[in-house]
Amino acid sequence: QVQLVESGGGLVQAGGSLRLSCAVSGRTFSPYAMGWFRQAPGKEREFVGGITWSGGSTDYADSLKGRFTISRDGAKKTVYLQMNSLKPEDTAVYYCACTWVVGMPRSTSSYAYWGQGTQVTVSS
């Protein structure tokens, strides 16, 4: 069984930064990629970005490029989402997930395991 646990969410003022973590535990784990998604109230879950498990490639939603950065620490089996210049519209529950589908898919259906999510609230 694979477990993903997010942490690092909280309340931050507009313009501030947060770093989310996603720790992976469980059976031998070697997905193709890890993805970050977010879901705001009343909206569908959307792709934020992803990183290959090898760490060699990243992808981001076009609207977030330049503000969000994804990295990983293989030894710690942890993936990070650094969020800068946060805006009130970034308020959402943020989830990490893993996929064995090659090509860094952006659809939620391509991801096999999900964390429980962590709330990020950006005040204006």
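Source: prediction; values computed, not measured.

The rules behind each value
Residues numbered from 1 in each chain as written. Predicted model: local features only at pLDDT ≥ 70, side-chain atom pairs only at ≥ 80, totals over all residues. Heavy atoms only, no water. Helix = DSSP H or I, 4+ residues; strand = E, 2+ residues; numbered from the N terminus. Rg over C-alpha atoms; globule rule 2.2 N^0.38 Å. Core = buried A, V, L, I, M, F, W, Y, C linked by side-chain atoms within 4.5 Å. Buried < 20%, exposed > 50% of the residue type's maximum accessible area, 1.4 Å probe, protein only. Pairing = 2+ DSSP bridges. Axes fitted to C-alpha atoms, helices over the stretch in contact; angles between N-to-C directions. Disulfide = S-S within 2.5 Å.

S.K.: How do you make sense of the overall build of the protein when you look at a structure like this?
M.R.: Looking only at helices and strands, one finds 0 helices and 11 strands in the protein. Helices and strands appear in the protein in the N-to-C order β-β-β-β-β-β-β-β-β-β-β. For 124 residues, the compact-globule formula gives about 14 Å, and the C-alpha radius of gyration of the protein, at 13 Å, lands near that figure. When the backbone C-alpha atoms are referred to their principal axes, the protein occupies close to 40 × 25 × 25 Å.

S.K.: What exactly am I supposed to notice about the nonpolar core here?
M.R.: One recurring pattern in soluble globular proteins: nonpolar side chains tend to sit buried together. Formed by 28 residues in total, the largest nonpolar core has its most connected members in Met34, Trp36, Leu81, Met83 and Tyr94. At the level of secondary structure, the elements contributing two or more residues to this core comprise strand 1 (2-7), strand 3 (18-26), strand 4 (33-39), strand 5 (46-52), strand 7 (68-73), strand 8 (78-83), strand 9 (92-99) and strand 11 (118-123). Among the nonpolar cores identified, the runner-up in size contains 6 residues, and Ala33, Ala97, Met104 and Tyr111 belong to it.

S.K.: Would you take a moment to explain the sheet that holds strand 8 for this structure?
M.R.: Across a sheet, paired strands are connected by hydrogen bonds in the backbone, their directions being either parallel or antiparallel. Overall, antiparallel pairing links the 4 strands, which are arranged 1-3-8-7 in an open sheet. The open sheet has two edge strands, strand 1 and strand 7, and neither has a second partner. Ignoring strand direction, the axes of neighbouring strands in this sheet form an average angle of 15°. Sheet analysis places strand 1 next to strand 3, joined by 6 bridges and oriented antiparallel.

S.K.: Help me out: how do you make sense of the state of the cysteines in this one?
M.R.: Joining two cysteines, a disulfide is a covalent bond between their sulfur atoms. For the structure shown, the criterion picks out 1 disulfide. A sulfur-sulfur distance of 2.0 Å marks the disulfide that ties cysteine 22 to cysteine 96. Every disulfide takes its handedness from the sign of the S-S torsion; for cysteine 22 and cysteine 96 that torsion is 65°, giving right-handed. In this pair, cysteine 22 is assigned in strand 3 and cysteine 96 in strand 9, connecting sequence segments 74 residues apart. Each member of the pair, cysteine 22 as well as cysteine 96, carries the same accessibility label: buried. Cysteine 98 takes part in no disulfide bond, and the closest cysteine sulfur to it belongs to cysteine 96, at a distance of 8.2 Å. With relative accessibility at 0%, the residue cysteine 98 sits in the buried group.

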